[in-house]
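One letter stands for each residue in the lines below.
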Amino acid sequence: MLTHYARPSIEMKGGTTFHFIDTSPAEALAAAREAAGGLDIERSAPRAASPT
């Protein structure tokens, strides 16, 4: 996950691991593609908070 500052990875119960990096979007995308080893990757933009 691209963020403003690097922090430790978080592993979820289902086996998904979230890695947090502070780099350029292009470098983050390249790292995701390399880590996926040819499998699909998903990109998404932050969503605005919903009014309550």
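To keep things clear, this report deals only with the structure shown in the data block. (Residues numbered from 1 in each chain as written. Predicted model: local features only at pLDDT ≥ 70, side-chain atom pairs only at ≥ 80, totals over all residues. Heavy atoms only, no water.)

What about the overall build of the protein chain?
When its secondary structure is counted, the protein chain shows one helix and two strands. Start at the N end of the protein chain and walk to the C end: the helices and strands fall as β-β-α. Scored against the burial criterion, the 52 residues of the protein chain give a buried share of 8%. Intrachain contacts of the protein chain at a sequence separation of at least 6 include 3% that bridge at least 24 residues. Within the structure as shown, the protein chain displays about 4,900 Å² of accessible surface, and the carbon and sulfur contribution to it stands at 55%. (Helix = DSSP H or I, 4+ residues; strand = E, 2+ residues; numbered from the N terminus. Buried < 20%, exposed > 50% of the residue type's maximum accessible area, 1.4 Å probe, protein only. Contact = heavy atoms within 4.5 Å. Areas by Shrake-Rupley, 256 points an atom, 1.4 Å probe, with all protein chains shown as cover.)

With respect to the pairing of strand β1 (residues 7-11)
As defined by bridge partners, β1 adjoins strand β2 (residues 17-20) across three bridges and the pair is classed as antiparallel. Counted as the bridge partner of arginine 7 is phenylalanine 20 from β2. The loop that links β1 with its antiparallel partner β2 comprises five residues; one of these, glycine 15, has a positive phi angle of about 105 degrees. (Pairing = 2+ DSSP bridges.)

A short note on a nonpolar patch on the surface
Side chains of Met1, Ile10, Met12 and Phe18 sit close together on the surface and give an oily, nonpolar patch of about 350 Å² of accessible area. Tracing the chain through its elements places methionine 12 in the loop between β1 and β2. (Patch = residues over 30% accessible without salt bridge, like charges linked within 9 Å, V, L, I, M, F, W, Y side chains within 5 Å. Salt bridge = Lys/Arg side-chain N within 4 Å of Asp/Glu carboxyl O.)

By themselves, these figures tell us nothing about what the structure is for.
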